[in-house]
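Residues per chain, in single letters:
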Amino acid sequence: MPARTRLLALDDAPALADLVREDREFQAPWEPARDQQWYTEVGQRADVRAALDRHAAGLAFPCVVLDDAGAVASRVTLNNVVRGAFRSCSLGYWVASASNGRGLATGAVAEMLRRAFGDLGLHRVEAGTLLHNTASQKVLERNGFTRYGLAPRYLRIAGRWQDHVLFQVLDPGAP
Ligand SMILES: CC(C)(COP(=O)(O)OP(=O)(O)OC[C@H]1O[C@@H](n2cnc3c(N)ncnc32)[C@H](O)[C@@H]1OP(=O)(O)O)[C@@H](O)C(=O)NCCC(=O)NCCS
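Residues numbered from 1 in each chain as written. Predicted model: local features only at pLDDT ≥ 70, side-chain atom pairs only at ≥ 80, totals over all residues. Heavy atoms only, no water.

Chemist: Go over the nonpolar core with me, naming the residues and quoting the values.
Modeler: Counting 28 residues, the largest nonpolar core has Val76, Leu78, Leu91, Met112, Leu113, Val125 and Phe145 as its most contacted members. Taken together, the elements giving at least two residues each to this core come down to β2 (61-66), β3 (72-82), β4 (88-95), α4 (104-117), β5 (124-130), α5 (134-142) and β7 (160-170). Residues Tyr39, Val48, Ala51 and Trp94 belong to the second largest nonpolar core, which totals 13 residues. (Core = buried A, V, L, I, M, F, W, Y, C linked by side-chain atoms within 4.5 Å. Buried < 20%, exposed > 50% of the residue type's maximum accessible area, 1.4 Å probe, protein only. Helix = DSSP H or I, 4+ residues; strand = E, 2+ residues; numbered from the N terminus.)

Chemist: Can you lay out the sheet that holds β7 for me, pointing to particular residues and giving the numbers?
Modeler: The strand order across the open sheet built from 7 strands is β1-β2-β3-β4-β5-β7-β6, with neighbouring strands paired in mixed fashion. Each of the sheet's edge strands pairs with one partner strand only, and the pair in question is β1 (5-7) and β6 (146-157). Across the sheet, the axes of successive neighbouring strands diverge by a mean angle of 30°, strand direction being ignored. Summarising the sheet, β5 and β7 pair through 7 bridges and their orientation is antiparallel. (Pairing = 2+ DSSP bridges. Axes fitted to C-alpha atoms, helices over the stretch in contact; angles between N-to-C directions.)

Chemist: Pulling in residues and values, what's your account of the site of the ligand?
Modeler: Inspection of the region around the ligand gives 21 residues, with Val95, Asn100, Gly101, Thr106 and Asn133 positioned closest. Measuring from an oxygen atom of the ligand, one finds a backbone N or O atom of Ala105 at 3.0 Å. Sorting the residues of the shell around the ligand by element identifies β4, α4, β5 and α5 as the ones contributing at least two each. Per-element tally for the shell around the ligand: the top contributor is α5, with 6 residues. Looking at side-chain class alone, the shell around the ligand contains 9 nonpolar, 9 polar and 3 charged residues. (Near = heavy atom within 4 Å. Polar contact = N/O pair within 3.5 Å; in protein donor to acceptor, adjacent residues only side chain to side chain. Nonpolar A, V, L, I, M, F, W, Y, C, P; charged D, E, K, R; others polar.)

Chemist: So what's going on with the packing of aromatic side chains? Which residues, and what values?
Modeler: Counted according to the given criterion, the structure contains 0 aromatic pairs. The ring of Tyr39 carries Arg24 above its face, with NZ or CZ at 3.9 Å from the centroid. Taking NZ or CZ as reference, Arg34 lies 3.8 Å from the ring centre of Trp38, over its face. (Phe/Tyr/Trp six-rings, centres within 6.5 Å; stacked < 30°, edge-to-face > 60°. Lys NZ or Arg CZ within 6 Å of the ring centre and 35° of its normal.)

Chemist: Got a sec to walk through helix α1 (residues 13-22)? Specific residues and values, please.
Modeler: Of all the positions in α1, only Ala13, Leu16, Ala17, Leu19 and Val20 are classed as buried. Seen along its axis, α1 keeps its buried residues to an arc of 165°; they face one direction. Packed against the buried residues of α1 are α2 (24-27), α3 (41-56), β3 and β4. (Arc of directions from axis to C-beta. Contact = heavy atoms within 4.5 Å.)

Here you go:
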């Protein structure tokens, strides 16, 4: 199967702005509260630029996910890359509602894990979901993540601090 994910590019900003605008209501319960600029090409370009700066500094690997027609349908990011004895990062993603339920997130996460444990040389990837985000939990568990804890008031999602289930997966090839 061809690669579904590729490094984010500044030219993705218009497509991303269209997606977040169309999915504003769909994403609202699962995402941090956003200002008006987020839903514009200017806002998305600023976010892409910041993500590419983190990538250039070795702190992140931000990607888009392509649908069967090759159009941008999603974002997936390895964030907060820490080296030293930890060699860990955190994973975040969303998929446009029009492309949900086709295995896009599951496949994209699988590719990101190959990247994390391959070229990036990491040992651990973590992720957190809201307690009732069953779809996202399924995506993680299908990719070998295990639940290791519950963090109270962990992330500010939809305007309030919310509890999260914490997941991790370790490099299967590591001794
Ligand atoms: C969660 C999300 C990334 C899933 O993307 P996706 O491409 O639809 O995921 P997949 O198709 O790979 O797998 C999702 C699975 O969850 C299932 N699912 C969807 N909604 C569900 C629900 N409410 N309860 C139980 N299972 C559900 C799907 O049927 C699918 O399983 P299946 O393949 O066995 O049918 C997407 O819905 C999304 O972006 N949601 C909003 C943002 C978000 O939650 N991001 C993650 C934050 S941790």
